[in-house]
Amino acid sequence: MQTSTRSNLLLERSLAAVWHPCTQMKQHETLPLVSVARGAGCWLYDFDGRRYLDAISSWWVNLFGHCNPRINAALADQLGKLEHVLLAGFSHEPVVELSERLARAADGRLGHCFYASDGASAVEIALKMSFHFWRNTGRPRKTRFVSLAGSYHGETLGALAVTDVRLFKDTYAPLVMASSQVASPDWRLAEKGESARDYAARSAQALERHLEQHHAETAALIVEPLVQGATGMAMHDAEYLRRARAICDRYQVHLIADEIMTGFGRTGTFFAFDQAGIVPEFLCLSKGITGGYLPLSVVMTRDAVYQAFYDDDTARGFLHSHSYTGNTLACRAALATLEIFDAERVIEANREKSARISAAVRPIAQHPRVNHFRNTGMIWAFEVETQDPQFARQFHARALEQELLLRPLSNTVYFMPPYVIGEEEIELLAGRTARLLDAR
Ligand SMILES: Cc1ncc(COP(=O)(O)O)c(C=O)c1O
C-alpha cells in the first residue's frame, strides 16, 4: 500500500473511531489531523515522510527526545522482568528506587510518594490528602481550597474545581465544588514601572487578605510555581512563592505545588520551588517524570503529613487507589529519565542551551507583532498582535506546513522543546517562526 494512502486511511479511521482530547471534533473538517508513524529525537514523522519539530514536547511531557535509546533499553529490560503488579500489599524495585530518588531530589524534605497515572489524578490526591490531614488532626472545617486566577490543574472534577479557565469549567459548573481564586502574580499585569518582584509582593497581599478572612475553612492553596502553563505561560517572580509560603504558615494552610508542568528542570532548576528556597506540604509531579513515555504521576509529601494518617483505625488511612498506581514499567522509565539527568548533568547543560535559544529567538522578541516576550528556563512565550479570533488554529496549521508543531494558547505562542533540541533545530524553529509572524 502506498504510504499516502495508508496515512489518509488512518486519519479517516481515527476520525471515525477516536474521540480526540480537548477538541471540538467538527473542527477537523478543516483542521488537519496528523498521523504519526514514528518519532526520533525532537522530530515526529508521518507516513508520507513529512516531519514535524516537536517544539511543545508533545504537550510538555517529552524531555530527552522521542524513542530515546536509554529509556528504550531500560523498558526493554524491565519487560523481561515484570510489567505491572498491584501496589496494595505488594511492592517492586522500580517503585522503591524511584521514591527514594525523588525524595533525594527534594533534599529529603518530601519523604513519601503516593502514585497515580495522570496529572489531574495527582491533584485530586493532594486535595483529598490535605482535607483528610486536617480532619485527622481535629480541623474538619477546613474543606475549601484557594488557587490563582487563571490557574490550570487538570480536568477531573476535583482538579477542575481549582482550575480557573472558563472554557473548560463553565459547562461543568453545576458539578464542581466551589473554590476561591486570588490575584495571579503574572508579571504582565504589573503597572508601568513596577518590577515583576514588586508585583509578586503586591499580589501576595491579596492572598493574605483572603486567608485572613477564610483560613479557618481553608485546607490548602494550590499554585503552579513560576509558570502558569495552560492559561498562557504566565510567569511570576519567585518572591510570590516565598510570600505565599510565609502566609500559609501564618494561617495554617497547606501549600500544594503543582509542578506537573514545571518539574524536572523545565524552569531551570530541578523543581521550580527550589528557586524560592521553600518547601510545599504537597508536590504534584507528572508529565516529564517518565521522559514522556508512560502515564505516571506522584504526590510527594512530608513526614508530618504521612504520620497524621498512620493509625490503628483503617478509616484514618488514605484509602485512595488507582489500578495502575505505581506501574512498574512507568517507574522504570522514570528511573531511566533520572539517570539521564545525572549522567548528562542536564540542569547545568540546559542553562547554556537556554541562553543559546534565547539568543536565537531574539529577532522574534523584537518583532513588531510580538508583545511580552518572556522566558523561564526551557520555556519561551509571547503574545502575537492579531485580529483573527481563529489565530491559534490558523497559526498551528501554518506552522505544520513549516515542519513545526506549535499549538498557541489563544494568541500566546510558546516554545517548550525537548531538552535534546540541537543547534540546527533551534535555528529552524527561530527562523521559521519569525517567517510565520511576517506572513500574517
Ligand atoms: C500544571 C498542570 N496541572 C495539572 C495538569 C493535568 O495533567 P494531566 O493532563 O496529565 O491530567 C496539567 C496538564 O497540562 C498541568 O499543566
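Everything below is about the structure shown above.
Remember, predicted model here, so these are calculated numbers, not experimental data.

Draft legend 1. The arrangement of the sheet that holds strand E1 (residues 36-40) in detail. Read from one edge of the open sheet, 4 strands run E1-E2-E3-E15, paired in mixed fashion. Only two strands of the sheet have a single partner each, and these edge strands are E1 and strand E15 (404-405). In this structure, strand E2 (residues 43-46) lies alongside strand E3 (residues 51-54), joined through 3 bridges in antiparallel fashion. Within E3, the residue paired with Leu-44 across the bridge is Tyr-52.

Draft legend 2. Examining the nonpolar core more closely. Leu-98, Leu-102, Met-233, Tyr-240, Phe-264, Phe-341 and Phe-415 are the most contacted members of the largest nonpolar core, which totals 102 residues. It is helix H11 (residues 328-343) that provides the largest number of residues to this core, a total of 10 residues. With residues up to four places along the chain from it excluded, the contact list for Leu-98 reads Tyr-115, Leu-296, Cys-331, Ala-334, Leu-335 and Leu-338. Counting 26 residues, the second-largest nonpolar core is a separate cluster that includes Phe-114, Phe-145, Phe-282 and Ala-308.

Draft legend 3. Inspection of the sheet that holds strand E10 (residues 254-258) at higher detail. Strand order in this open sheet of 7 strands is E4-E12-E11-E10-E7-E5-E6, and the pairing throughout is mixed. Of all strands in the sheet, those with a lone pairing partner are strand E4 (112-116) and strand E6 (180-182), marking the two edges. For this sheet, the mean inter-axis angle between neighbouring strands, taken without regard to orientation, is 25°. Where strand E5 (residues 144-148) and E6 come together, 3 bridges link them in parallel fashion. Within the sheet, the bridge partner assigned to Leu-148 lies in E6 and is Val-182.

Draft legend 4. Expanded view of the side chain of Ser-57. Structurally, Ser-57 is set in helix H2 (residues 57-60). Those residues within four positions of Ser-57 in sequence are excluded, and the remaining contacts are Asn-62, Arg-266, Met-416, Pro-417 and Pro-418.

Draft legend 5. Expanded view of the site of the ligand. Neighbouring the ligand are the residues Trp-60, Asp-118, Gly-119, Ala-120, Tyr-152, His-153, Gly-154, Glu-224, Asp-258, Ile-260, Met-261 and Lys-287. The separation between an oxygen atom of the ligand and a polar main-chain atom of Gly-119 is 2.8 Å. Considering the ligand on its own, with 390 Å² of exposed area, one finds that the protein chains cover 83% of that surface. Class assignment of the residues belonging to the shell around the ligand gives a composition of 5 nonpolar, 3 polar and 4 charged.

Draft legend 6. Region of the structure containing the pattern of salt bridges. Enumeration according to the criterion identifies 27 salt bridges in this entry. Here the salt bridges do not stand alone but share partners, grouping Glu-97, Arg-101, Glu-339 and Asp-342 into one network.

Draft legend 7. Fine view of helix H15 (residues 423-439). Here H15 contains 17 residues, and its C-alpha end-to-end distance of 24 Å stays within 8% of the 24 Å for a straight helix at 1.5 Å per residue. What H15 keeps buried is the set Glu-425, Ile-426, Leu-428, Leu-429, Ala-430, Arg-432, Thr-433, Ala-434, Leu-436 and Leu-437. Positive backbone phi, approximately 65°, marks Arg-440, located one or two places after H15.

Draft legend 8. Geometry of the pairing of strand E12 (residues 297-301). By the criterion of burial, E12 is predominantly enclosed, with 5 of the 5 residues buried. Of the two faces of E12, the one lined by Ser-297, Val-299 and Thr-301 and the one lined by Val-298 and Met-300 are each fully buried. In this sheet, E12 lies alongside E4 in antiparallel orientation, the contact comprising 5 bridges. Bridged to Ala-116 within E12 is Ser-297.

Definitions and limits used
- Residues numbered from 1 in each chain as written.
- Predicted model: local features only at pLDDT ≥ 70, side-chain atom pairs only at ≥ 80, totals over all residues.
- Heavy atoms only, no water.
- Pairing = 2+ DSSP bridges.
- Helix = DSSP H or I, 4+ residues; strand = E, 2+ residues; numbered from the N terminus.
- Core = buried A, V, L, I, M, F, W, Y, C linked by side-chain atoms within 4.5 Å.
- Buried < 20%, exposed > 50% of the residue type's maximum accessible area, 1.4 Å probe, protein only.
- Contact = heavy atoms within 4.5 Å.
- Axes fitted to C-alpha atoms, helices over the stretch in contact; angles between N-to-C directions.
- Near = heavy atom within 4 Å.
- Polar contact = N/O pair within 3.5 Å; in protein donor to acceptor, adjacent residues only side chain to side chain.
- Areas by Shrake-Rupley, 256 points an atom, 1.4 Å probe, with all protein chains shown as cover.
- Nonpolar A, V, L, I, M, F, W, Y, C, P; charged D, E, K, R; others polar.
- Salt bridge = Lys/Arg side-chain N within 4 Å of Asp/Glu carboxyl O.
- Expected span 1.5 Å × (residues − 1).

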